[in-house]
Structures are given as structure tokens and as C-alpha cells.
Amino acid sequence: RLRKIVTGISICIFIVYIITGACIFIVLTPNVGNSADPENPRRNTTFLDSLYFTSVSVTTVGYGDIVPENDAGKIFASLYLLISMAIVALI
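Residues numbered from 1 in each chain as written. Predicted model: local features only at pLDDT ≥ 70, side-chain atom pairs only at ≥ 80, totals over all residues. Heavy atoms only, no water.

1. Description of the nonpolar core
Our working definition: What we call a nonpolar core is a set of buried Ala, Val, Leu, Ile, Met, Phe, Trp, Tyr and Cys residues that are connected through their side-chain atoms within 4.5 Å. Three labels apply to residues, based on accessible area from a 1.4 Å probe with only protein chains included: buried if under 20% of the type maximum, exposed if over 50%, partly exposed otherwise in between. Secondary structure follows DSSP: runs of H or I at least 4 residues long count as helices, runs of E at least 2 residues long count as strands, and numbering of each begins at the N terminus. We call two residues in contact whenever any of their non-hydrogen atoms come within 4.5 Å of each other.
Grouped together as the largest cluster of nonpolar side chains are 11 residues: Tyr17, Ile18, Phe25, Val32, Phe53, Val58, Ile66, Phe76, Ala77, Tyr80 and Ile87. Breaking this core down by element, the ones donating at least two residues are α1 (2-28), α2 (47-58) and α3 (71-90). Of all the elements, α3 adds the most residues to this core, at four residues. Apart from the residues within four sequence positions on either side, Ile87 is in contact with Phe14 and Tyr17.

Here it is as C-alpha cells:
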């Protein structure tokens, strides 16, 4: 029973972490895309873009279709992913 409670709390913390990361990413990175890919031009960041970026990055899939193009976004993404690896390891 205790194991189920701990697992449920861990999953909730992970979901909150993803959503919080998406909110911070959308503030720090107003434009997303991949300027090196002509089929994926830069555009305004939506919440769905941010949620997609954080989810894909945390799960280490990293398709590369959405990338932060400014320094603040790159620094945030680097730190966010380092912390997320620790969180995933604890879960």
C-alpha cells in the first residue's frame, strides 16, 4: 500500500515538473523551430510546443524539431534536463 502511495506521489511530482518546465520554457523562448531546417521555420511558441519540447526532452527522445534558439532557452534546457535525469532516476 505504501509503495502505491509513493509511486502516485512520484508521478504527480513528475507531471508538475513537466508542466512547470513548459511554462518556464514558453516565457524564456518566445520563438521555436529549427532555423537550420527550412521545412520547420521559426514561429511563436505555444504552450503545446513547450509541453511537447519538455516531454520529448525529458524522455530523452529529442527529435530536434523544436529547439531553443536563444541563450536563455539553451541554459534553461540544459539545467532542466540535468535535474530531470535526477528526478527520473529517483522515480
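2. Structural notes on the confidence of the model for the protein chain
The line we're drawing: The quantity called pLDDT is the predictor's confidence in a given residue, expressed from 0 to 100.
Per-residue confidence for the protein chain gives a mean pLDDT of 83, with 89% of residues at or over 70. Mean pLDDT values over the elements of the protein chain span from 73, in strand β1 (residues 31-32), up to 89, in α1.

3. Topic: the environment of Tyr63
Residue placement: Tyr63 occurs in the loop between α2 and α3. With relative accessibility at 59%, the residue Tyr63 sits in the exposed group. For Tyr63 and Phe53, which are 10 residues apart along the polypeptide, the C-alpha to C-alpha distance reads 9.1 Å. The residues touching Tyr63, leaving out its near neighbours within four places in the chain, are Tyr52 and Val56.

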